[in-house]
Amino acid sequence: AQSVTQLDSQVPVFEEAPVELRCNYSSSVSVYLFWYVQYPNQGLQLLLKYLSGSTLVKGINGFEAEFNKSQTSFHLRKPSVHISDTAEYFCAVNQYSSASKIIFGSGTRLSIRP
Amino acid sequence: DAGVTQSPTHLIKTRGQQVTLRCSPKSGHDTVSWYQQALGQGPQFIFQYYEEEERQRGNFPDRFSGHQFPNYSSELNVNALLLGDSALYLCASSIGTGGFTLHFGNGTRLTVT
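Since we're looking at a predicted model, the values are computed, not measured. (Residues numbered from 1 in each chain as written. Chains lettered and ligands numbered in written order. Predicted model: local features only at pLDDT ≥ 70, side-chain atom pairs only at ≥ 80, totals over all residues. Heavy atoms only, no water.)

Caption draft 1: Representation of the overall build of chain B within the structure. Tallying secondary structure elements over chain B gives zero helices and eleven strands in all. The helix and strand sequence of chain B, counted from the amino end, reads β-β-β-β-β-β-β-β-β-β-β. Against the compact-globule benchmark of 13 Å for 113 residues, chain B has a radius of gyration of 13 Å, which places it among compact chains. Relative to its 113 residues, chain B shows a buried fraction of 50%. Carbon and sulfur atoms make up 48% of the accessible area of chain B, which amounts to about 5,200 Å² in all. (Helix = DSSP H or I, 4+ residues; strand = E, 2+ residues; numbered from the N terminus. Rg over C-alpha atoms; globule rule 2.2 N^0.38 Å. Buried < 20%, exposed > 50% of the residue type's maximum accessible area, 1.4 Å probe, protein only. Areas by Shrake-Rupley, 256 points an atom, 1.4 Å probe, with all protein chains shown as cover.)

Caption draft 2: Here's a closer look at the environment of serine 111 of chain A. All names here are of chain A. Along the chain, serine 111 falls in strand E12 (residues 108–113). A sequence separation of 107 residues divides serine 111 from valine 4, and the C-alpha atoms of the two residues are 22 Å apart. The residues contacting serine 111, other than those within four sequence positions of it, are Val11, Pro12, Val13 and Thr86. (Contact = heavy atoms within 4.5 Å.)

Caption draft 3: Fine view of the packing of aromatic side chains. Residue and element names in this part refer to chain A. With the rule as written, the count across this model stands at 13 aromatic pairs over all chains. With a centroid separation of 5.5 Å and an interplanar angle of 45°, the aromatic rings of phenylalanine 63 and tyrosine 89 are classed as tilted. Note that phenylalanine 63 is positioned in the loop between strand E7 (56–58) and strand E8 (64–68) and tyrosine 89 in strand E10 (residues 87–95), a separation of 26 residues in sequence. The buried category is assigned to phenylalanine 63, whose relative accessible area is 2%. (Phe/Tyr/Trp six-rings, centres within 6.5 Å; stacked < 30°, edge-to-face > 60°.)

Caption draft 4: Region of the structure containing the sheet that holds strand E8 (residues 74–78) of chain B. All names here are of chain B. Ordered by their spatial adjacency, four strands build an open sheet running E1-E3-E8-E7, and the pairing between neighbours is antiparallel. The open sheet is flanked by strand E1 (5–7) and strand E7 (64–68), the only strands paired with a single partner. Looking at each pair of strands side by side, their axes are set apart by 20° on average, direction ignored. Bridging between E7 and E8 involves five bridges; their strand directions are antiparallel. Across the sheet, the residue bridging to phenylalanine 64 is valine 78, located in E8. (Pairing = 2+ DSSP bridges. Axes fitted to C-alpha atoms, helices over the stretch in contact; angles between N-to-C directions.)

Caption draft 5: Spatial organisation of the state of the cysteines. What the rule picks out here adds up to two disulfides over all chains. For cysteine 23 of chain A, the disulfide goes to cysteine 91 of chain A, at an S-S distance of 1.9 Å. Of note, the bridge from cysteine 23 of chain A to cysteine 91 of chain A carries an S-S torsion of about -65° and is left-handed in sense. Separated by 68 residues along the polypeptide, cysteine 23 of chain A in strand E4 (residues 23–26) and cysteine 91 of chain A in strand E10 bring together distant segments of the chain. No difference in accessibility class separates cysteine 23 of chain A from cysteine 91 of chain A, as the two residues are buried. The disulfide partner of cysteine 23 of chain B is cysteine 91 of chain B, and the S-S distance across this bridge is 1.8 Å. With the S-S bond torsion at -60°, the cross-link from cysteine 23 of chain B to cysteine 91 of chain B turns out left-handed. Within this pair, whereas cysteine 23 of chain B is found in strand E3 (residues 19–24), its partner cysteine 91 of chain B is found in strand E9 (residues 87–94), the two being separated by 68 residues in sequence. Take cysteine 23 of chain B: its relative accessible area is 2%, and that puts it in the buried class. (Disulfide = S-S within 2.5 Å.)

Caption draft 6: A look at the nonpolar core. In terms of nonpolar packing, the biggest core is built from 28 residues, with Trp35, Leu48, Leu76 and Tyr89 of chain A touching the most fellow members. Residues in contact with tyrosine 89 of chain A, not counting those within four places in the same chain, are Gln6, Leu21, Trp35, Tyr36, Val37, Leu47, Phe63, Leu76, Gly107, Thr108 and Leu110 of chain A. Counting residues in each nonpolar core, the second largest holds 20 residues, with Leu21, Tyr49, Leu81 and Ala87 of chain B among its members. (Core = buried A, V, L, I, M, F, W, Y, C linked by side-chain atoms within 4.5 Å.)

Caption draft 7: The arrangement of the interface of chain A and chain B in detail. In this assembly, 21 residues from chain A lie in contact with 24 residues from chain B. Summed over the shared surface of chain A and chain B, the result is zero salt bridges. Inspection of the region where chain A meets chain B yields five residue pairs in polar contact (both at pLDDT 80 or more). Counting only elements with at least two residues in the side of chain A that touches chain B, the list comes to strand E5 (31–38), strand E6 (44–50) and E10 of chain A. By residue number, the principal contributor to the side of chain A that touches chain B is E5 of chain A, which donates four residues. Grouping the amino acids of the side of chain A that touches chain B by side-chain chemistry returns ten nonpolar, nine polar and two charged. (Salt bridge = Lys/Arg side-chain N within 4 Å of Asp/Glu carboxyl O. Polar contact = N/O pair within 3.5 Å; in protein donor to acceptor, adjacent residues only side chain to side chain. Nonpolar A, V, L, I, M, F, W, Y, C, P; charged D, E, K, R; others polar.)

This is the structure we're talking about:
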């Protein structure tokens, strides 16, 4: 069975500082990996996805993530955060054979301090 | 271009009642997936509908059922509501069952008292 672990439930950072949100997954087969963002009272929006190819994936709003197969990680990074990045971030995994059945982590709340 | 729309936005029900939630997928999408998001948790997969049939199902009891219509819209039905069913219910649409880019609606907040 596949699973996703987000190691930090909350990450406070100062505005314009860099941030890394950690994600580890477990799966016995090859997977696709995703990061979604959820702003208050809204649904989820796709930030970026890794399907194949380059292990460094660039997404929207200046975010990027690196797939590390040996460490089974897919950490999300941004070099300089803004107040508007305050949101809940979810890492997710999908097995090649499971179509759109995507498994989500429990989320990391990113709070930006001015 | 309308995105995924869900109705209603909020709902309050009593234990034992039944509820129906509705979802219209993004234009051009033919697959609808439903997720339950409890407070402080990540979304949990309930089931997926494609070509008016349930294609995949998560670990949810039979009290949770669904339907997809010829216009690709979908309903989620929950019978015999329990307090633990209180959650945000999210609908996501995609193209085909292998579509990995899910477009989510803003959800329906269900409160069971």
